[in-house]
Amino acid sequence: NDPDFPDAVHCEWANDYCETTRPDSRGPYSTIYRREADDAGPLGGWSMVGPTCYTDSVPPRSGADAQELTMEMILEQFHRTAFALPQPVIEPPDLRALVNLPVYFGLEWPADGFEPGEVDTTDIIGHEVRIRPNLQNVTYHFGDGSSVGPTQSLGGGYPDGDITHEYTGPGTVNPSIVVVYGGEVSVDGGEWMPIPGTATVDGPTVDLQVLESRNRLHDD
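Residues numbered from 1 in each chain as written. Predicted model: local features only at pLDDT ≥ 70, side-chain atom pairs only at ≥ 80, totals over all residues. Heavy atoms only, no water.

Caption draft 1: Highlighting the nonpolar core. Formed by 31 residues in total, the largest nonpolar core has its most connected members in Phe-105, Tyr-140, Tyr-167 and Tyr-181. Contributing elements (two or more residues each) for this core: helix 2 (71–79), strand 7 (102–108), strand 9 (127–141), strand 13 (176–187), strand 15 (199–202) and strand 16 (208–211). Not counting chain neighbours up to four residues away, the residues in contact with Tyr-167 comprise Val-99, Asn-100, Val-103, Phe-105, Phe-142, Asp-144, Val-173, Pro-175, Leu-208 and Val-210. (Core = buried A, V, L, I, M, F, W, Y, C linked by side-chain atoms within 4.5 Å. Buried < 20%, exposed > 50% of the residue type's maximum accessible area, 1.4 Å probe, protein only. Helix = DSSP H or I, 4+ residues; strand = E, 2+ residues; numbered from the N terminus. Contact = heavy atoms within 4.5 Å.)

Caption draft 2: The arrangement of the sheet that holds strand 16 in detail. Judged by pairing direction, the sheet is mixed, and its 3 strands sit side by side in the order 6-16-12 without closing on themselves. Each of the sheet's edge strands pairs with one partner strand only, and the pair in question is strand 6 (96–98) and strand 12 (171–173). Direction aside, the axes of adjacent strands within the sheet are offset by 30° on average. Of the strand pairs in this sheet, strand 6 and strand 16 are connected by 3 bridges, and their pairing is parallel. By the bridge assignment, Arg-96 is partnered in strand 16 with Gln-209. (Pairing = 2+ DSSP bridges. Axes fitted to C-alpha atoms, helices over the stretch in contact; angles between N-to-C directions.)

Caption draft 3: Representation of helix 1 (residues 12–21). Along helix 1, the positions that sit buried rather than exposed are Ala-14, Tyr-17 and Cys-18. The buried residues of helix 1 all sit within an arc of 85° when viewed along its axis, so they share a single face. Among the exposed residues of helix 1, those pointing more than 90 degrees away from its buried face are Glu-12, Glu-19 and Thr-20. Here the buried face of helix 1 lies against strand 1 (25–34) and strand 4 (47–55). (Arc of directions from axis to C-beta.)

Okay, structure coming up:
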């Protein structure tokens, strides 16, 4: 399309492109033209500026300073990230353990939320901002007042898992995992840079029954 026929053709690709690839924008994907003018009218012909999507971000008035994207804005968005909540994986797998025997703990990432290495893309004052969380450390809380961490270990099951705990008495405990996320940011497709901050995320608790086994001798 050109300035004389701005709505001549809207192909399906142009209609869908903005909503699927540019956060907080809408279509159709369009080309911007400009020309100089004064009170007497146009002073020259049209020249192409480039393609764009429509967004609610408002540019500054002519001659005014544009709002600058700051690390404070990025850090605020980082803390709004829907981080994946760390899920505890426990062996024995039926959530029933025995007193004085090791219980193995591991960390599993759910399908929902952004886990380490996944990218959350958003728009801040007209800039495409990509945030990629990374794992800083993990703390395993066993529900009886004891814990292991901070550590880099994701634990695991028997026999190779390195996060274990022995309960000394029977009862129901509620173990959980706390993760500290760091992150990196890329602005408008640029290089990844570290985000100067962290976010602490508490995972859900589970109900673990700790049982006591007693041996009895019977006379046949």
